[in-house]
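Results of the structural survey
Spelled out from the first residue to the last, the chains are:
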Amino acid sequence: MKTRIPILGLSLYLLTAGLTAHSSAQSPEAKPITITQLFKRDNPEDKNKDIIVQRIELAPDSAALPHVHPGMVTGYVVSGTLEFQVAGEPLLTLHTGDTFFEPPGSKHMVARNPDKSEKTVLIAFVVNPKNQAVAQPLEGHAH
């Protein structure tokens, strides 16, 4: 089992459908990033938080805008390649089977599928404050 747990974030900003994504290879009608909520429940250890599992697909050559996650994110690359960077950390290239971790409040600067022909699929496990979006746009970065 490969594990990469640098103090950085992947969420893959990806984690909220409300975030705007960028793709140079997709038409304006195409959705370069698709987020599907697979599971959500109250956190039995903290009534002020939810436990959420999301499946995130990044179309070929697509990327998310910089964003921040109010909760903790742990992710797994199911397939493909993901370029991933949290503010203050080096840019990582993650592959199938790699994992990532983002502490609460991480500024997710890069979440990009560099492949020109294959999609990237991620699973994100999130412990998030109740009634908050999983990801929020980073100030100063237009949609």
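Notes on the structure in this doc start here. As the structure is a computational prediction, the values presented were derived from the model and not from experiment.

Right, let's talk about the overall build of the protein for a bit. Along the protein, the regular secondary structure elements total 0 helices and 12 strands. Walking the protein from its N terminus toward its C terminus, one meets helices and strands in the order β-β-β-β-β-β-β-β-β-β-β-β. Looking at the protein as a whole, 43% of its 143 residues qualify as buried. Taking as baseline every contact in the protein between residues at least 6 positions apart, the subset at least 24 positions apart corresponds to 75%. Within the structure as shown, the protein displays about 7300 Å² of accessible surface, and the carbon and sulfur contribution to it stands at 54%.

A surface patch of nonpolar side chains, amounting to about 260 Å² of accessible area, comprises Tyr 76, Val 78 and Phe 125. Relative to the helices and strands, Phe 125 resides in strand β11 (residues 120-129).

As a further point, take the nonpolar core. With 18 residues, the main nonpolar core has Ile 56, Leu 58, Leu 82, Phe 84, Leu 94, Leu 122 and Val 126 as its most contacted residues. When residues of this core are traced back to their parent elements, those giving at least two are β3 (46-58), β6 (72-79), β7 (81-86), β8 (92-95) and β11.

Attention shifts here to the sheet that holds β6. Taken together, the 5 strands give an open sheet; going across it, the order is β2-β3-β11-β6-β9, and neighbouring strands pair in antiparallel fashion. The sheet is open, and its two edges are formed by β2 (33-43) and β9 (99-102), each paired on a single side. Across the sheet, the mean angle separating the axes of adjacent strands is 15° when strand polarity is ignored.

Inspection of the entire model under this criterion finds 7 salt bridges. Among the salt bridges present, the one from Arg 55 reaches Glu 57, with a minimum N-O distance of 2.1 Å. As a salt-bridge pair, Lys 119 and Glu 57 come within 3.2 Å of each other at their nearest N and O atoms. On the criterion of sequence distance, the pair formed by Lys 119 in the loop between β10 (107-112) and β11 and Glu 57 in strand β3 is long-range, its members being 62 residues apart. Residue classification places Lys 119 among the partly exposed residues on the basis of a relative accessible area of 41%. Shared partners join several salt bridges into a network, and the residues in it are Lys 40, Asp 42, Asp 50 and Lys 130.

Below, the discussion takes up the side chain of Asp 50. Mapped onto the secondary structure, Asp 50 falls in strand β3. You can call Asp 50 buried: its relative accessible area is 7%. Within the structure, Asp 50 has its side chain in polar contact with the side chain of Lys 130 (distance 2.5 Å). Aside from chain neighbours lying at most four places away, what touches Asp 50 is Lys 40, Arg 41, Asp 42, Asn 43, Val 126, Val 127, Asn 128 and Lys 130.

What counts and what doesn't
- Residues numbered from 1 in each chain as written.
- Predicted model: local features only at pLDDT ≥ 70, side-chain atom pairs only at ≥ 80, totals over all residues.
- Heavy atoms only, no water.
- Helix = DSSP H or I, 4+ residues; strand = E, 2+ residues; numbered from the N terminus.
- Buried < 20%, exposed > 50% of the residue type's maximum accessible area, 1.4 Å probe, protein only.
- Contact = heavy atoms within 4.5 Å.
- Areas by Shrake-Rupley, 256 points an atom, 1.4 Å probe, with all protein chains shown as cover.
- Patch = residues over 30% accessible without salt bridge, like charges linked within 9 Å, V, L, I, M, F, W, Y side chains within 5 Å.
- Salt bridge = Lys/Arg side-chain N within 4 Å of Asp/Glu carboxyl O.
- Core = buried A, V, L, I, M, F, W, Y, C linked by side-chain atoms within 4.5 Å.
- Pairing = 2+ DSSP bridges.
- Axes fitted to C-alpha atoms, helices over the stretch in contact; angles between N-to-C directions.
- Polar contact = N/O pair within 3.5 Å; in protein donor to acceptor, adjacent residues only side chain to side chain.

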